[in-house]
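Here is how the chains run, residue by residue.
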Amino acid sequence: MAKSIMLQGTGSDVGKTVLVAGLCRLASNRGFRVAPFKPQNMSNNAAVSADGGEIGRAQWLQSLAARIPSSIHMNPVLLKPQSETGSQVVVQGKVVGQARGRDYQAMKPKLLGAVLESFETIRAGRDLVIVEGAGSPAEINLRAGDIANMGFATRAGVPVVLVGDIDRGGVIASLVGTHAVLMPEDRAMVTGYLINKFRGDVSLFDDGLTAIRGFTGWPCFGVVPWLKAARQLPAEDSVVLERLSRGTARALTIAVPVLPRIANFDDLDPLAAEPSVDLRFIQPGDRLPEDAALVILPGSKATISDLAALRAAGWDKDLERHLRRGGRVIGLCGGYQMLGRRISDPLGIEGGTAEIDGLGLLDVETEMAREKVVRNSGARSTEHDVALEGYEIHLGKTTGPDCARPPVVIEDRPDGALSPDGRIMGTYLHGLFTSDAYRAALLRSFGIDAEAFDYRGSVDAALDAVAGELEAVLDPRWLDGLMGR
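Please read these numbers as outputs of a predicted model, since none were measured by experiment.

*Asks:* Which parts of the structure should I look at to understand the overall build of the protein chain?
*Replies:* Counting its regular elements, the protein chain contains 14 helices and 26 strands. Here the protein chain has a C-alpha radius of gyration of 23 Å; the compact-globule value for 485 residues is 23 Å, and the two agree. Here the C-alpha coordinates of the protein chain stretch approximately 70 × 45 × 40 Å along the principal axes. Treating the 53 positive side-chain charges of the protein chain as one cloud and the 60 negative ones as another, the clouds have centres 2 Å apart.

Quick look at the structure:
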């Protein structure tokens, strides 16, 4: 039977995803058959797994770290927020419906069976499974019916390591407070804790470790420094977009408006890695920069409401001025749909508005459909005649005169649309910029003499670097107990 360990956080965004990825790579480097698992994820950054369903993009990255194909069972429950109160519910890779917060609380006990089934599937044939929690077990108001943290750990018998983020402050209180509010049976699952994102001289925190041990009795398995290589890994949570914009002088400025339901924004990570590119994520209230040569409208989980938000932010007028200055625009998935003349939702799939005028920058129209397209896809750029590899996750069909100029061919199907002057493009293909050859060709079209570099190789190298840093700072006795033969 595979060993297992679960990393739970004292709060959200404490770095669990990167730690799980790093531990998966570390175990793989030691020759272990390791796999990641996350019972429940909430994210609009989704991936298409190797077996053809939707999972959180983070679990796709963790499978890459483990050097195994991704699977729907690595993330059996995925919630994709569509509004402030409701989400699309994906179970074992397939959409099963929508639910508001209170309705989902009632659904959770029914989903536990699927979670446990997937966990057993992932454990089969493995030496080690590293599980990632969601949010925090300290949210005891959500403990009844929980499948994301202690509810799963207690049912599956998986020991827990708590992760505290010292960078945000109050890490002693967060760990001690978590200990205080946990029920005795949940507290008994915790075997120790990690301090994450430490900067400076670790010895200065010795008294803090003593205090935590005194209050909780838990051992510390390591103080993890700020992992520099983690910046080269795809981010899962859109909250990080507020601090990703570089705003430094580079040859090409690309602007990306941050919409409320932005999805699959990791599409843009390869561009951010380009040394000649200044990729700026523009927040509501800020103008699209006048020095941007390219604006990218990203994917969206709620295209119609996000288009209304785009207009409310004044970005539609900014786009008009951008185009008058000779700028270019690329729309990805939901962003592509926004570029057209009209978006209709006769079946009420997104809820709310049934029809909305698009930006009118492409001569196409989109009608939302109930059937969701979810597949990995080989493709080719017709503009630059280079191979592409990506995936599709979308609702709706887009048609119109500008589709006669498809910028992409997916398998043998034309995809997307191009304006007559070639300055406005839309496509349903996610992963467009992952192609090194495509990025180089795109930069050359802006007059930048760029050499193609191995983006996927750089991610793989970053995973090895994170694994190496973890091996250097984590308690070797704990690691050997977890990964020893």
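Read on, since the account is not over.
*Asks:* Looking at this structure, I do not really get helix H7 (residues 206-216). What am I missing?
*Replies:* Side chains three or four residues apart in an α-helix point the same way, a direct result of the helix having 3.6 residues per turn. For H7, the set of buried residues is Gly208, Leu209, Ile212 and Thr216. Down the axis, H7 shows its buried residues gathered within 100° of arc, on one side only. Opposite the buried face of H7, by more than 90 degrees, sit the exposed residues Asp207, Thr210 and Gly214. If you follow the buried residues of H7, they end up packed against helix H5 (171-181), strand S11 (190-198) and strand S12 (220-225). Positioned one or two residues after H7, Gly217 has a phi angle of 80°, which is positive.

*Asks:* Whenever I open this one, the side chain of Asn149 confuses me. Can you help?
*Replies:* Structurally, Asn149 is set in the loop between strand S9 (128-132) and helix H4 (150-156). Of the residues examined, Asn149 reaches a relative accessible area of 4% and is grouped as buried.

*Asks:* Please explain the packing of aromatic side chains as it appears in this structure.
*Replies:* Each aromatic ring pair is characterised by the separation of its centres together with the angle its planes make. Enumeration according to the criterion identifies seven aromatic pairs in this entry. Ring geometry for Phe37 against Phe152: centres 5.6 Å apart, planes inclined by 35°, an arrangement best described as tilted. Here the residue Phe37 occupies a position in strand S2 (residues 34-37), and Phe152 occupies one in helix H4, the gap between them amounting to 115 residues. Each member of the pair Phe37 and Phe152 is classed as buried. Between Phe198 and Phe205, the aromatic rings sit 6.2 Å apart at their centres with planes inclined by 55°, giving tilted as the arrangement. Like Phe205, Phe198 is buried. Joined through ring pairs, the aromatic side chains of Phe37, Phe119 and Phe152 make up one cluster. If you follow Arg328 out to its NZ or CZ, it ends over the ring of Phe446, 4.0 Å from the centre. Across from the ring centre of Phe453, 4.7 Å away, lies the NZ or CZ of Arg439, which sits over that ring.

*Asks:* Please clarify how the packing of helix H1 (residues 16-29) against helix H13 (residues 455-473) should be interpreted in this entry.
*Replies:* Between two packed helices, both the angle of their axes relative to each other and the distance between the axes serve to describe the pair. The contact between H1 and H13 brings their axes to 8 Å, and the two run at 85°. Regarding the angle of H1 to H13, the classification is roughly perpendicular. Here Val18, Leu19, Ala21, Gly22, Leu23, Arg25, Leu26 and Asn29 of H1 come into contact with H13, specifically with Asp460, Leu463, Asp464, Val466, Ala467, Leu470 and Glu471. A class-by-class count of the residues in the contact of H1 with H13 yields nine nonpolar, two polar and four charged.

*Asks:* Explain empty space enclosed by the protein here, please?
*Replies:* One way to see where empty space is left: roll a probe the size of a water molecule over the atoms. Per the counting criterion, the structure on display carries two cavities of 30 Å³ or more. What the largest cavity holds in volume is close to 210 Å³. Forming the walls of the largest cavity are 19 residues, and the residues nearest its centre are Ser300, Lys301, Ile393, His394 and Leu395. Sorting the residues of the lining of the largest cavity by element identifies strand S17 (299-300), helix H11 (334-339), strand S21 (365-381) and strand S22 (386-399) as the ones contributing at least two each. Among the elements that line the lining of the largest cavity, the one with the most residues is S22, at three residues. Looking at the lining of the largest cavity residue by residue, the class counts come to five nonpolar, 10 polar and four charged.

*Asks:* Hey, could you run me through the pairing of S9 in this one?
*Replies:* Looking along a regular strand, one sees side chains alternate from face to face of the sheet. S9 sits mainly inside the fold: five of its five residues count as buried. Where burial is concerned, the two faces of S9 agree: the one with Leu128, Ile130 and Glu132 and the one with Val129 and Val131 are both buried. Pairing geometry for strand S1 (residues 3-9) and S9, over five bridges, is parallel. Bridge pairing in S9 links Ser4 to Val129. In terms of strand pairing, S2 meets S9 through four bridges, oriented parallel. Bridge assignment links Ala35 to a residue of S9, and that residue is Val129.

*Asks:* Quick question: what am I supposed to make of the sheet that holds strand S26 (residues 424-427) here?
*Replies:* Strand pairing in a sheet relies on backbone hydrogen bonds, with the paired strands running either antiparallel or parallel. Across the sheet, which stays open at both edges, the six strands sit in the order S15-S13-S16-S18-S26-S25 with mixed pairing between neighbours. If you trace the sheet from one side to the other, it starts and ends with strand S15 (277-282) and strand S25 (417-418), each paired once. Examined bridge by bridge, strand S16 (residues 294-297) and strand S18 (residues 328-332) share four bridges and lie parallel to one another. Across the sheet, Val295 pairs through a bridge with Val329, a residue of S18. Across the sheet, helix H12 (residues 436-445) is in contact with strand S13 (252-257), S15, S16, S18 and S26; its angle to S18 comes to roughly 155°.

Conventions adopted
All residue numbers refer to position in the chain's written sequence, counted from 1. Per-residue local features of the predicted model are confined to residues with pLDDT of at least 70, and side-chain atom pairs are confined, for both listing and counting, to 80 or more; whole-chain, interface and lining totals are unaffected and use all residues. Each side-chain value is worked out from all heavy atoms of the structure, with water and hydrogens disregarded. Note on conventions: DSSP H or I runs of at least 4 residues are helices, E runs of at least 2 residues are strands, and numbering of each starts at the N terminus. The globule rule is 2.2 Å times the number of residues to the power 0.38, and the radius of gyration it is compared with is taken over C-alpha atoms. Only four residue types enter the tally: Lys and Arg on the positive side, Asp and Glu on the negative side, with His and both chain ends excluded. The atoms used to mark charge sites are NZ of Lys, CZ of Arg, CG of Asp and CD of Glu. Three labels apply to residues, based on accessible area from a 1.4 Å probe with only protein chains included: buried if under 20% of the type maximum, exposed if over 50%, partly exposed otherwise in between. Picture the helix axis, draw a direction to every C-beta atom, and the arc is the one those directions span. Residue contacts are counted whenever heavy atoms from the two residues lie within 4.5 Å of one another. Each Phe, Tyr or Trp ring (for Trp, its six-membered ring) is paired with any other whose centre lies within 6.5 Å, and the angle between the two planes then decides the class: stacked below 30 degrees, edge-to-face above 60, tilted in between. Counted as over-ring charges are cases with an Arg CZ or a Lys NZ within 6 Å of the ring centre that also lie within 35 degrees of the ring normal. Note on geometry: axes are C-alpha line fits, over the in-contact stretch for helices, and angles between N-to-C directions span 0 to 180 degrees. Our angle categories are set so that under 35 degrees counts as roughly parallel, over 145 as roughly antiparallel, 65 to 115 as roughly perpendicular, and the remainder as oblique. Gly falls in the polar group here, along with every residue not listed as nonpolar (Ala, Val, Leu, Ile, Met, Phe, Trp, Tyr, Cys, Pro) or charged (Asp, Glu, Lys, Arg). Definitions used throughout: a 1 Å grid over protein atoms alone; a cavity as a set of points that fits a 1.4 Å probe which cannot get out; a pocket as an open set with protein on both sides within 12 Å along at least five of seven lines; a lining residue as one with an atom within 4 Å of a point. Grid points are joined across faces, edges and corners, and a volume is the space filled by probe spheres set on the points. A pair of strands counts as paired when DSSP detects no fewer than two bridges linking them.

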